[in-house]
Amino acid sequence: MIYENISLKKFNSFGLNVRADHLAAFKLEENAVHFFKQHKGSDKNYFVLGRGSNVLFTSDFHGTIIHPEMDGITMEGKKDNDIIVSAGAGVTWDKLVESTVNNGLGGLENLSLIPGLVGATPVQNIGAYGVEVKDTIEKVRAISLEDGTIREFTNNECRFGYRTSIFKTELKGKYLITKVYFRLSTHPKLSLEYGSLKEEINKLGSTSLGNVRKIVISTRQSKLPDPDQIGNAGSFFKNPVVTVSLVNDLKTKFPKLPVFSDHSGGMKLAAGWLIEQCGWKGKRIGDAAVHDKQALVLVNFANATGKELFELSEQVRNSVFEKFGITLEREVEVV
Ligand code: EPU
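These numbers were taken from a predicted model, which means no experiment stands behind them. (Residues numbered from 1 in each chain as written. Predicted model: local features only at pLDDT ≥ 70, side-chain atom pairs only at ≥ 80, totals over all residues. Heavy atoms only, no water.)

**Brief notes about the sheet that holds strand E6 (residues 73-79)**
Step number 1: Overall, antiparallel pairing links the five strands, which are arranged E6-E7-E12-E10-E11 in an open sheet. Of all the strands in the sheet, the pair left with one neighbour each is E6 and strand E11 (150-154). Put simply, the sheet's adjacent strands are angled 20° from each other on average, direction ignored.
Step number 2: Across seven bridges, the pairing between strand E7 (residues 82-88) and strand E12 (residues 175-185) is antiparallel. Considered in E12, the bridge of Gly 88 is made with Lys 179. (Pairing = 2+ DSSP bridges. Helix = DSSP H or I, 4+ residues; strand = E, 2+ residues; numbered from the N terminus. Axes fitted to C-alpha atoms, helices over the stretch in contact; angles between N-to-C directions.)

**Re helix H7 (residues 306-324)**
Step number 1: The end-to-end C-alpha distance of H7 is 27 Å, a good match for the 27 Å that 19 residues give at a rise of 1.5 Å each.
Step number 2: Buried-residue contacts for H7 involve strand E4 (55-56), helix H5 (244-253), helix H6 (271-277), strand E17 (284-285), strand E18 (288-290) and strand E19 (297-300).
Step number 3: Positive backbone phi, at 70°, marks Gly 325, one or two positions downstream of H7. (Expected span 1.5 Å × (residues − 1). Contact = heavy atoms within 4.5 Å.)

**A word on the pattern of salt bridges**
Step number 1: On inspection of all chains with the given rule, the structure shows 22 salt bridges.
Step number 2: Close ionic contact of Arg 141 with Glu 152 constitutes a salt bridge, the shortest N to O distance being 2.9 Å. Of this pair, Arg 141 sits in strand E10 (residues 137-144) while Glu 152 sits in strand E11, and the two are 11 residues apart along the sequence.
Step number 3: A relative accessible area of 31% means that Glu 152 is categorised as partly exposed.
Step number 4: For Arg 317, the salt bridge goes to Glu 314, with nearest N and O atoms at 3.1 Å. Note that Arg 317 and Glu 314 are positioned in helix H7 at a spacing of three residues, about one turn of the helix.
Step number 5: Because the salt bridges share partners, they merge into one network encompassing Lys 79, Asp 80, Asp 82, Glu 138 and Arg 183. (Salt bridge = Lys/Arg side-chain N within 4 Å of Asp/Glu carboxyl O. Buried < 20%, exposed > 50% of the residue type's maximum accessible area, 1.4 Å probe, protein only.)

**Considering the sheet that holds E18**
Step number 1: Pairing is antiparallel in the open sheet, where four strands are placed in the order E13-E19-E18-E17. Of all the strands in the sheet, just strand E13 (231-235) and E17 have a single pairing partner and so form its edges.
Step number 2: Note: E18 against E19, three bridges, orientation antiparallel. Counted as the bridge partner of Ala 288 is Asn 300 from E19.

Here is the structure:
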């Protein structure tokens, strides 16, 4: 289905009313393949957009938005002791999490309630409460936007990192993900190390998959704004990964600085804390604001523009740089 001069308000979680010249939505992989083969060699400006939970549009988009609508959740079979489950790129992420938890399959429960569609999850390797989606991805199926050829990427080939992958770096803007295969466990080892997860679950009595999901959902709801109620894209910045010696330097000046160890051997700082220390938590400029319960999240109360939100993010970055000498990197993609 191709639309012309379409509003993207429903396609971005900041709720920005920008327009795109064209939007092509695909329910079937073969239709997308046909489209890209047909347009091979043309210099179309494509941008793949699912539910837009991680983008900030600063102006109208002159080109063709590619929107995946492939649905279906399928049990593909067993691999060793695990179960392979595939999901179409257009499946709502939390529908997949709910369905796997209800079927007693472990691996995705800590990622409950993350907004967006399945196809976007490998792109930025979504993560929460001590788990990243890369821990469960078996392979990713995608179509080349350049010539319509299909390629399957193994977990290794996806080059996952903290909120990044090959689809956000070398192959940025080159592929449309159509299906993701997850490797899930019938005897899951639960990840309860983050914050007070374990404590909260003990209060519920048993450490079942369903209870992990319940606690994750209530924790998210207590801190993170619901994009259906108030425009936002989750964490706007990444937590900075720094060296041990920088941490030691900062600790002498800021003894309360929260530090977490990073899997890659570095240390992660809490960007939310840095931003809060600069006095930004809960600050509002027009309709653009820093969320009052989690300073890592920027919100649009209704009528902020993408430029205003971007400007606010620049002011926040400048403050953090001035006070701590640290440059915050955006997690959200600015278009
Ligand atoms: N903190 C503050 N003030 C704030 C926010 C946080 O001081 O306003 C400090 C607290 O000390 C807290 C620490 O920061 O102990 C960590 O905060 P939190 O547990 O809320 O997590 P986060 O590091 O701010 C990350 C992810 C979130 C994910 C949570 C939970 C990134 C960029 N963000 O946030 O992911 O839900 O951990 O695992 O890594 C997202 O990517 O969109 C997202 C929401």
